[in-house]
Amino acid sequence: MLPETNNSQANSSLFNIDIKRFIQDLMHYWWLFAITIPISLLSVFMAHRYIHPVYKATITLLMEERGEAMSKNDIMQGFGLTPGQRSVDNQIAILTSWDIVQQTINQLDFHVSYFAEGRLKNTEMYRNTNFIVQFDSTHPQLINTPIYVLPINKKQCKITIKSEVPANTYIYSDNKSGGSTEPIKFEAIVDYNEAVNTPWASFSVVPLSLNQNSNVEQYFVFNDPLDLAGQYKKNLVAQLPSEGSSIIKVSITGRNHNKNTVFLDKLAEVFIANNLRQKNLIATNTIDFISQQLVMIADTLQLAGTELSQFRTNNRIQSVSAKAELLFGGMQNIEQKLTELEIRKSYYLYLQDYFSNSISSEKVLAPAIYETDNSLLREQIKAIVELNSQRLSVIGSYGEELNLANKDIENQIEIARKTLLKTITSQLNILEENRSRLLSEKVHNEQELFRLPETERRLLGIERKFELSNEVYTFLQRKQSEAQIQKASNTPDHQILESARYSGQVSPDKAGNQKKALLLGLFIPLVFLGLRQILNNKIIDADDIERISSLPIVGHIIHSKNEENNVVYAHPKSIVTETFRRVRTRIEFMNRDINSPIIGVSSSMPGEGKTFCALNLAAAFALSGKKTALLGFDLRKPGLNKIFNINDRMGISNYLIGKVSYEDILMDSGQENLTIVPSGNIPPNPSELISSDKTKLLLDKLKTQFDIIIIDTPPMGIVSDPYLLARHTDTLVFLVRQQHTIKSVLAQTIKNMQEEDITNVGILLNDLHAKRSKYGYGYGYGYGYGYGYYEE
């Protein structure tokens, strides 16, 4: 029986990598690595020449919360920031907010950028240029357009502007767009410090005494502050090194490391100043409120003092009786309470007006905080201020639009505002009731005073008014002084731990990219060789055959570079002839007990060299002294006819149909002991002729005359003829051609032979290239079906 075909191995071999063969490929194709690795490294080098490097700078800030230690009962409670404002997360949001970044940009000299033009890339220079630009901030300036400055001599320079598309302008003083322009082509020679005035620009070039390098072409660009702030905000990162820490590390990335450090220093300065301003804003409003009350009380006190002095002079009276003193004290106490009620009412009306309208998203709440005995009112004001601070932090970080967190905070603020207004209305009603009660007591005391002498009564009233105004004025002055002292002692909650410093280059990562390039240079050939092996579906060597079938391999035929088809006869000492001698020996061993064995030569597909191998195998047997007959049984495309140029000679097909005799089809090959039996004319029914009894009779007759009979058959994967002939053979030599035979076709053909019960089969590996077997596998060979083997 024919050994079983390894179909599973045949299928999986298409996707498995042979490690041994892969290593051989690596050794043979070492030059691929010599090409890809230098190219990869050179590509990285060139990319680094063109790519602008990006640098990083960092600064460290300490977020303190000293405001929390302030007294809760002090009249100036509002001077400290609320807990919501002091939250580290909120402070990070404020620090990286659009407003803080824009304020920072506006305080720096970033509105004009200076560049040096190079052959591969342009480099931004900062505070290291041949000149600086001074411009009119009230005049529209051309933004985002290069303006070239070429020094001519020590007094003059050439200004060049080219813009093929419409450009935009910006008015820096108004922070608004100045409109757009038509395409610009402008050239002018101007004196240094001379103003260049056009509808779209107004500036002057001021030369510097240092860095006078006129060999480098330089230009400058006016920047859009909004775009500039957006770029810096995008590249700004603030984070906590550890959970629960109040230390913040702030970093910025950009193409100019000097600008990065300058920006961070100014950002910290603006942020700390903003923090102090927020703390002082509430204190300032409180001081302003007390100052307004002092103005009104001062006027009253002055009038009361003048009236008292004039009355005493005119009536020559300096004091009043004890009863009058008692009544006067009572009246004074009532008047003081009424004055306090008026001040408190004025404060409530101030709060009512302050919170009467909806609180806009841009409004920073800082109401005056006046001492009252209503803790609920204080807590409500504090809650609104804290919620508003949280909202401002969220808006500064993420924007107002489509912000769910911001919408939720706004709803809370609106509810708290309405609740506060109701509380204020209630307090105003209570104040009015207390005022009515005090007025009733005042009327009673006044009736008692009316019983006193007129002069004494009038003196009491004037003194009472003066002393009351004096006490209130003194009280407010003391509170104003306390507020001013507290405001003056305010310090920021934050401080700089480490000033801005250069932290290295972020990109491109030269060392990392070189490693990646090296890996890529190694990876590409490895992938190519791996895919080349995986996608190759041709037989390469004996290992591929063994993966498909366990059939024995009877030999290997080396690739022949000779033009002759009968290499064995023409070159008996060649290495190709030696390979056929080895195959002959193996076949003799397989047929050692058989007289006049019939050897079939077939393959799975056309172009595998059946006729070439059959002819040279027959020649090898003939050289050994055995009478050999070579039969061209490929009746469809007779190869022997073409080799010997006998297309018109009668042969097997003519014999099988009875047109010629046995002796007529035997032909001398020109080699001793070798007889050729050609195919004859191509019949219309080759399968029927081969399956006839005359085929067996022909073979039996040949066995009586010859020692070895070799049959050249058609491919077994194409037609049924070779299976019919295989039943008459003692041994079937099945050809597999290197880098030509398809693995799946070979596996299917062997399976078909197994099903046909064809036994004693040996595989012959044909057209073996020494370099292919050792290192790699080549392509580019032409074959003719059944007509032998032709070498390029």
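Everything here concerns the structure above.
Now for a quick tour of the structure. Computed from a predicted structure; not experimentally measured. (Residues numbered from 1 in each chain as written. Predicted model: local features only at pLDDT ≥ 70, side-chain atom pairs only at ≥ 80, totals over all residues. Heavy atoms only, no water.)

**What to know about the environment of Val-133**
Examined against the element boundaries, Val-133 turns out to sit in strand E4 (residues 131-135). When the C-alpha positions of Val-133 and Ser-113 are compared, they lie 9.6 Å apart, and in sequence the two are 20 residues distant. (Helix = DSSP H or I, 4+ residues; strand = E, 2+ residues; numbered from the N terminus.)

**Focus on the pairing of strand E19 (residues 628-632)**
Burial within E19 is extensive, with five of its five residues counted as buried. Residues of E19 alternate between two faces, with Thr-628, Leu-630 and Gly-632 on one and Ala-629 and Leu-631 on the opposite face, all of them buried. Judged from the four bridges that link them, E19 and strand E21 (residues 674-677) form a sheet pairing that is parallel. In the strand pairing of E21, Leu-631 is matched with Val-677. Strand direction decides the pairing type here: E19 and strand E22 (residues 708-712), joined by five bridges, are parallel. Bridged to Gly-632 within E22 is Asp-712. (Buried < 20%, exposed > 50% of the residue type's maximum accessible area, 1.4 Å probe, protein only. Pairing = 2+ DSSP bridges.)

**Let's talk about the packing of helix H3 (residues 30-50) against helix H13 (residues 510-535)**
How two helices pack is summed up by the angle between their axes together with the distance between the axes. Contact geometry for H3 and H13: axes closest at 8 Å, N-to-C directions at 150°. If you check the angle between H3 and H13, you find them roughly antiparallel. Considering how the two elements wind past one another, H3 and H13 form a crossing that is right-handed. Considering only residue class, the contact of H3 with H13 consists of 14 nonpolar, six polar and one charged. (Axes fitted to C-alpha atoms, helices over the stretch in contact; angles between N-to-C directions. Parallel < 35°, antiparallel > 145°, perpendicular 65-115°, else oblique. Left-handed = near helix turned anticlockwise from the far one by under 90°. Nonpolar A, V, L, I, M, F, W, Y, C, P; charged D, E, K, R; others polar.)

**A short note on unusual backbone geometry**
Peptide bonds are mostly trans, and most non-glycine residues show a negative phi. For Gln-739, which is not a glycine, the phi torsion comes out positive at approximately 60°. Within the secondary structure layout, Gln-739 lies in the loop between strand E23 (731-737) and helix H23 (743-755). Residue classification places Gln-739 among the buried positions, given a relative accessible area of 7%. You will see that Asp-757, though not glycine, has its phi angle at about 60°, which is positive. Tracing the chain through its elements places Asp-757 in the loop between H23 and strand E24 (761-768).

**Section: the layout of surface pockets**
Gaps between atoms show up when a probe of the same size as a water molecule is rolled over them. Estimated volume of the largest pocket: approximately 760 Å³. Taken together, 32 residues line the largest pocket, and the ones lying closest to its centre are Phe-115, Glu-124, Arg-255, Asn-256 and Lys-259. Every element with two or more residues in the lining of the largest pocket is listed here: strand E1 (54-63), strand E2 (112-117), strand E3 (122-125), strand E13 (218-222), helix H7 (225-235), strand E15 (247-254) and helix H8 (257-315). Class assignment for the residues of the lining of the largest pocket results in 11 nonpolar, 15 polar and six charged. (1 Å grid on protein atoms, 1.4 Å probe; cavity = no way out; pocket = protein on both sides within 12 Å on 5 of 7 lines; lining within 4 Å. Points joined across faces, edges and corners; volume = space filled by probe spheres on them.)

By themselves, these are just geometric observations and shouldn't be taken as functional.
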